[in-house]
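Chain by chain, the residues run as shown.
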There are 4 protein chains.
Amino acid sequence: MDCRKALRESGDPVRFRVGGALVGGEEPVIIAGPCSIESPEMIHEIAGMIKKVLVDELGLRNVILRGGAWKPRTSPYSFQGHGAKALEWLREAGDEAGLPVMTEVMDPRDAELAASYVDALWVGARNMQNTPLLRELARIGKPVFLKRHFGATINEWLCAAEYLLAGGLEEVALIERGTRCINEYARFSLDITVVPIVKTVSRLPILVDVSHPAGRRDLVPWLARAALAAGAHGLMIEVHPRPDEALSDARQQLDPGAFSETMRELRRMKLL
Amino acid sequence: MDCRKALRESGDPVRFRVGGALVGGEEPVIIAGPCSIESPEMIHEIAGMIKKVLVDELGLRNVILRGGAWKPRTSPYSFQGHGAKALEWLREAGDEAGLPVMTEVMDPRDAELAASYVDALWVGARNMQNTPLLRELARIGKPVFLKRHFGATINEWLCAAEYLLAGGLEEVALIERGTRCINEYARFSLDITVVPIVKTVSRLPILVDVSHPAGRRDLVPWLARAALAAGAHGLMIEVHPRPDEALSDARQQLDPGAFSETMRELRRMKLL
Amino acid sequence: MDCRKALRESGDPVRFRVGGALVGGEEPVIIAGPCSIESPEMIHEIAGMIKKVLVDELGLRNVILRGGAWKPRTSPYSFQGHGAKALEWLREAGDEAGLPVMTEVMDPRDAELAASYVDALWVGARNMQNTPLLRELARIGKPVFLKRHFGATINEWLCAAEYLLAGGLEEVALIERGTRCINEYARFSLDITVVPIVKTVSRLPILVDVSHPAGRRDLVPWLARAALAAGAHGLMIEVHPRPDEALSDARQQLDPGAFSETMRELRRMKLL
Amino acid sequence: MDCRKALRESGDPVRFRVGGALVGGEEPVIIAGPCSIESPEMIHEIAGMIKKVLVDELGLRNVILRGGAWKPRTSPYSFQGHGAKALEWLREAGDEAGLPVMTEVMDPRDAELAASYVDALWVGARNMQNTPLLRELARIGKPVFLKRHFGATINEWLCAAEYLLAGGLEEVALIERGTRCINEYARFSLDITVVPIVKTVSRLPILVDVSHPAGRRDLVPWLARAALAAGAHGLMIEVHPRPDEALSDARQQLDPGAFSETMRELRRMKLL
């Protein structure tokens, strides 16, 4: 394989902080929030709910608020996100709740601006091998979570991470979000073998996005359990005040009640 | 979908007993044993170890001893199993340990003989759509566990189970054993979304074979945790006294120490 | 890879005759006929049409009549074939038209009987690794065409062929029939790279079933052109007097008009 | 499907010119040239050879010279292309040979510059859903060839094309370049059913890149034959003066002799 710094033998396991949240440590990270930041009110509402359940009630320390400003939609006619102004709303909501925040960036021309608002960035599956974007993010230096493309091999993914590492960025984590496999009942599949495999091969933290593989709300709690049981360093999970009204990913976002119950169940199983 | 009796809405969830083990109930079933029954001594040794760990130490009631007599090997030059005589060894080992036993059958001409020795049969992935075999097994009437082919859709799998149900056999369970996906570090992938999906769609119990997806011993404990966390009704897991000397599946069978530790860990996580 | 006699370096390219048809020679073989043999009349009608177009009009010498007696259907409630009596009808129709005949066999218990009626047998995709069947066919000694399972690797396919070769049967050919890939508009995909690859790796003739990959009648002529252009040793193609009334594969069988036009077009392109 | 202008029923089949080459017409387009533009000399040499064989000898009118300036490499340590200066070399080579030229663009910040040098642009598989790039290209208005990602569905591909069409660009064509399937002997698979399917579903021209699916030089002539036989509107094909010394794609580029022979064979088969 033609990557180096991403490999386990090239150095210590990568650990880094996003605000107060430790990524790659013993305790899992929970990255939660809506698919898209639809309004100031909704992101405040969700941020408060997440803080209440995860920090106040369950006492978790590694919590990050997520929200999309620019959305990589399959169709040009779907909602594309509120762009830069949504980042202000995200920042304020995070500050008020005392949570670090992260967003997705797709365009290298937006990267600097986005980085000025958030504590970390993620690169979505569809841009995993968008090398100009990766180079720009390495230059900027904020922590980056890199999702695996749904058609990419593990090596292609690690080599994409290597663009970040070779560019001088050390704070890099991986997010598995499901691949295209043989499954006519879900949008994608979640190959759970990937979690322990990546831990064997790479020194980068490996998280699982449990909302996108199935694209079905009812499966999310089960995937969350499986991901942590398989040893993932954390979860990314979509939650929306009223999922049925969501402007994107309406079928896969949890409502606050289901989100809380899922998290409490993970605690009962000692997975969190 | 052109199957009926396998679907959830067609009746109550299927539960049945294999000897004293309840399949499809609240408590998971553990089907453990060697890939191939290599000698009377090895199957006795393994049966005793399984009984000691699972029954005596952990107090499990749903335990079944597995062992292969006819092996579906990729190459004709690989060990093909000891055939009928191995079934005698399996029966004796099970009786001595007080465990029900099951074996794989590939040839409809062997089915009656095999059924006379064991408490249940399984159909391997490669014969999932071997309809003459399925019809013969429905006629014989012993419980059947049907593995999913690594290239089959969920509907094709349920329709294959329907051959058993339509033939009058009610005691049918499903085993996911991994599919062919994008994963260059494992022999197959384990799409964990399949477990909750099958529970939504079908009334048949769904177990996971955690030895075959990865084909790697080091991943088995993680897959076992993920499978039960995702809600599987049980596990099939290969264990061999000395895996490195095994005549088949040498790389994926656990040794007794790793097997015991895996089971104890599942107990600590309250998954067992 | 753990197969030997199937490999190119292990001997001369395999060529054999099925009746008067040469398989593996310079001129492609056309294996045509209905999915299922539905009645004596329909198979006679189709046999006459095939003979008229391919032999009389186009002057082809390598023509074989196909027809299914036992059908490997996904659902137990679909038409399963007329069984042994259909073989009589097939034999008579072939004899009358002066064409050799072949059928599919799934059950080792039927193999001897089937072989007594036909000039060659094929093993369907779903039974590619049905090793008891393969062993039985090797013992019987009639030519066998082995289809690739839609989830199998090329090596698994060649190793399955090796069960025939290792059992003493030299008259073995391969049929690619489409694999499961990323294609929401067709039942399966046709990876056309497989044709030249198999010719590089193996000494067995490689044909393409152009009816099953897409499962769509309108694509069949294009796949037939592509398969021969890619160097295939022949085609298997389904044709039915009135496809819309067919008891199986209604959507993919050509009617006599479309079949004739497809064959004439292959001739115009000098592919036939 | 949530795309409109890409669909067949939304208007006439798309045809457009790149320089003198007609894309989407009756006669296929040949897009040929090296993977990377490695030096002024090499691109001049290749341009002259292509002109001599395709235009002078075979009399083709629809010929475009391709060459990469920015390369989307899996690893950051592989040659990444000579960038903008290579576009000058490409332009000069094209002008001298009287051929229109095209290159790949990955970064929206490079798009304007690239467009100022070439007659058309292509978007590589890895950037198929790089929507900021697609929007920028629609704004610029030069013809765009959009490759299918190796993990994308056909609908995802058409929806990506829709970003171009919805942005006001009408001169859009599609290039199939192979998908990830079950094939351990080639880097990717070429699902040939896609060609006639896209012609049924969409009004956009569909070409096939015959160098990338297999990633093996010896298969390229066979894939070229199959692609045109299946009805493709043209080919993209890599050719290099001395492939073994190439800085990228060394194993899949044809040398001038093999390229010429492949083209002449297509002519003999009346596919060109």
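Before reading on, note that the structure itself is shown above.
Residues numbered from 1 in each chain as written. Chains lettered and ligands numbered in written order. Predicted model: local features only at pLDDT ≥ 70, side-chain atom pairs only at ≥ 80, totals over all residues. Heavy atoms only, no water.

### A few points about the sheet that holds strand S5 (residues 101-104) of chain A
Residues and elements named next belong to chain A. Definition in use: Pairing between two strands is assigned when DSSP locates at least 2 bridges connecting them. For helices the rule is a DSSP run of H or I covering at least 4 residues; for strands it is a run of E covering at least 2, with both sets numbered from the N terminus onward. In this analysis an axis means a line fitted to C-alpha atoms, helices contributing only their contacting stretch, and an angle means the value between N-to-C directions, from 0 to 180 degrees. Contacts are assigned to residue pairs that have any heavy atoms within 4.5 Å of one another.
Judged by pairing direction, the barrel is parallel, and its eight strands sit side by side in the order S3-S4-S5-S6-S7-S8-S9-S10 before closing back on the first. Strand-to-strand, the axes of this sheet are offset by a mean angle of 25°, without reference to chain direction. Where strand S3 (residues 29-33) lies against strand S10 (residues 234-238), five bridges are found, and the strand directions are parallel. Its bridge partner being in S10, isoleucine 30 is matched across the sheet by leucine 235. Of the strands in this sheet, strand S4 (63-66) and S5 touch helix H2 (residues 84-97), which is tilted by about 155° from S5.

### Observations concerning the packing of helix H2 (residues 84-97) of chain B against helix H3 (residues 108-117) of chain B
Residue and element names in this part refer to chain B. Short version of the rule: For this classification, under 35 degrees means roughly parallel, over 145 means roughly antiparallel, 65 to 115 means roughly perpendicular, and everything else is oblique. When the near helix sits turned anticlockwise from the far one by under a right angle, the crossing is termed left-handed; a clockwise turn instead gives a right-handed crossing. Gly falls in the polar group here, along with every residue not listed as nonpolar (Ala, Val, Leu, Ile, Met, Phe, Trp, Tyr, Cys, Pro) or charged (Asp, Glu, Lys, Arg).
Axis separation between H2 and H3 bottoms out at 9 Å; the angle between their running directions is 15°. Considering their axes alone, H2 and H3 lie roughly parallel with respect to each other. Crossing of H2 over H3 shows right-handed handedness. Note on element contacts: H3 touches H2 through Leu113, Ala114 and Tyr117, opposite Ala84, Leu87, Glu88 and Arg91. Of the residues contributing to the contact of H2 with H3, the split by class is five nonpolar, no polar and two charged.

### Thoughts on the side chain of Arg216(C)
What counts here: Side-chain atoms alone can form a polar contact between residues adjacent in sequence; in general such a contact is a pair of N or O atoms within 3.5 Å, and within protein one must be able to donate a hydrogen while the other accepts it.
Within the fold, Arg216(C) resides in the loop between strand S9 (206-209) and helix H7 (220-229). A polar atom in the side chain of Arg216(C) sits 3.1 Å from the backbone oxygen of Tyr185(C). Beyond its immediate stretch of four places on either side in the chain, Arg216(C) contacts Tyr185(C), Arg251(C), Gln252(C), Ile197(D) and Thr200(D).

### Looking at the packing of H3(B) against helix H4 (residues 131-140) of chain B
Residue and element names in this part refer to chain B. The geometry of H3 relative to H4 is characterised by a closest axis approach of 9 Å and an angle of 30° between their N-to-C directions. Taken together, the axes of H3 and H4 lie roughly parallel to each other. Handedness of the H3/H4 crossing: right-handed. On H4, the residues touching Pro108, Ala111, Glu112 and Ala115 of H3 are Pro132, Leu133, Glu136, Leu137, Arg139 and Ile140. For the contact of H3 with H4, a count of residues per class yields seven nonpolar, no polar and three charged.

### Topic: the side chain of His233(C)
Residues and elements named next belong to chain C. Using the following cut-off: The buried label applies to any residue whose accessible area, calculated with a 1.4 Å probe on protein chains only, is under 20% of its type's maximum; exposed applies above 50%, and partly exposed to all values in between.
Summarising the element assignment, histidine 233 is placed in the loop between H7 and strand S10 (234-238). On the accessibility criterion, histidine 233 (16% relative accessible area) is buried. Setting aside its immediate chain neighbours within four residues, histidine 233 contacts Gly24, Gly25, Glu27, Pro28, Val29, Lys199, Pro205, Ile206 and Leu207.

### As for the interface of chain D and chain C
Short version of the rule: Buried surface area refers to the total accessible area, computed with a probe of radius 1.4 Å, that the two partners give up upon joining, counted for both partners together. We define a salt bridge as a side-chain nitrogen of Lys or Arg found within 4 Å of a carboxyl oxygen belonging to Asp or Glu.
Opposite the 43 residues of chain D that make contact, chain C presents 43 residues. Together, Ile182(D), Tyr185(D) and Trp222(D) form the three largest contributors to the area buried by chain D at its contact with chain C, with a combined 19%. On inspection of chain D and its partner chain C, the count reaches zero salt bridges. Summed over the shared surface of chain D and chain C, the number is 20 residue pairs in polar contact (both at pLDDT 80 or more). The class makeup of the residues in the side of chain D that touches chain C is 25 nonpolar, nine polar and nine charged.

Read these as spatial facts, not as claims about activity.
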